[in-house]
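# Architecture at a glance
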Amino acid sequence: MCKGRGMQVIVQQIGPGMVQQIQTVCSECKGQGERINPKDRCGNCNGCKVVREKKIIEVHIDKGMKDGQKIVFHGEGDQEPDLEPGDVIIVLDQRDHSVFQRRGHDLIMKMRIQLCEALCGFRKTIETLDNRILIISTRPGEVIKHGDLKCINSEGMPIYKSPLDRGCLIVQFLVQFPEHHWLPREKLRMLEGLLPPRKEVMITDDMDQVDLVDFDPREQTYRNIGEAYEDDEEEPRTGVQCQTS
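The structure contained in this document is the topic of the report that follows. Nothing here was measured: the structure is a model prediction, and the numbers come from that model.

Time to look at the side chain of Thr 138. Note on placement: Thr 138 falls in the loop between strand 8 (133-137) and strand 9 (149-152). Looking at Thr 138, the relative accessible area reads 14%, which means it is buried. Contacts of Thr 138, omitting those with residues within four sequence positions, involve Gly 121, Phe 122 and Ile 144.

Here the focus is the nonpolar core. Of all hydrophobic cores here, the largest spans 16 residues; its most connected members are Met 109, Met 111, Ile 113, Ile 126, Leu 169, Val 171 and Phe 173. The set of elements that each furnish at least two residues to this core consists of strand 6 (106-114), strand 8 and strand 12 (169-176). Residues in contact with Met 111, not counting those within four places in the same chain, are Lys 124, Ile 126, Ile 136, Val 171, Gln 172, Phe 173 and Leu 174.

A few words on the pairing of strand 12. Relative to strand 12, strand 6 runs parallel, the two sharing 8 bridges. Counterpart to Met 111 in the pairing with strand 12 is Phe 173. Pairing of strand 9 with strand 12 involves 4 bridges; the strand directions are antiparallel. Of the residues in strand 12, the one forming a bridge with Cys 151 is Ile 170.

Tallied over the entire structure, the rule returns 6 salt bridges. In this structure, Lys 55 and Glu 76 form a salt bridge, with 2.8 Å as the shortest nitrogen-oxygen distance. Note that Lys 55 is positioned in the loop between strand 2 (18-25) and strand 3 (70-73) and Glu 76 in the loop between strand 3 and strand 4 (88-91), a separation of 21 residues in sequence. In this structure, Asp 130 engages Arg 132 in a salt bridge whose closest nitrogen and oxygen atoms are separated by 3.0 Å. A single network of salt bridges, built from pairs that share partners, joins Asp 130, Arg 132 and Glu 155.

About the criteria used
Residues numbered from 1 in each chain as written. Predicted model: local features only at pLDDT ≥ 70, side-chain atom pairs only at ≥ 80, totals over all residues. Heavy atoms only, no water. Helix = DSSP H or I, 4+ residues; strand = E, 2+ residues; numbered from the N terminus. Buried < 20%, exposed > 50% of the residue type's maximum accessible area, 1.4 Å probe, protein only. Contact = heavy atoms within 4.5 Å. Core = buried A, V, L, I, M, F, W, Y, C linked by side-chain atoms within 4.5 Å. Pairing = 2+ DSSP bridges. Salt bridge = Lys/Arg side-chain N within 4 Å of Asp/Glu carboxyl O.

Written out as structure tokens, the structure reads:
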């Protein structure tokens, strides 16, 4: 018996005149320091003082809550005798969306438009996360450049604890240019006459005429150049270095 200490000391003789003292958890009280008579034990816990049960906790997600935000249910964790019960902590994991990307209170989306739409105007629709349809358009004479950003106020995410207020919906435009030789050569002059004039370049005899070819970064020659540059980085450099931004 451990006499309420929860630990037992066992003395073993390991040789002539030599003994070994071992301290172990009491097998009767399981280290608790007390033992309940089998006749008085609870039929549900069998004297362990705790039972395992399932409990359904309803979690309410407020509008505007963010990825990684925690919802705490105090005192709903594991319970043990003479110990304060723990908490159940729910951590929100926000899923990615195929169209919208969240940045704080704002939503960002990319929209592809044709070159004709970028130069001559367009009318587009956007389906929101709450299943509404927004109609956007450009004004006559307005030119949309590749990568331009526009925003729609109050169409972003609801603001936490202020659900009537919303962020912005930011639209980034990606202009799709036509393929090669999409227009007959005889009509290129007509198109050129409608566009702003090109800037003329002064050419002299000491200049070299070179050819532009398609570039593929996956080609083996490009990878070899990159590997050679990385090897060169291992050696200390001297002299003038290029300024980076």
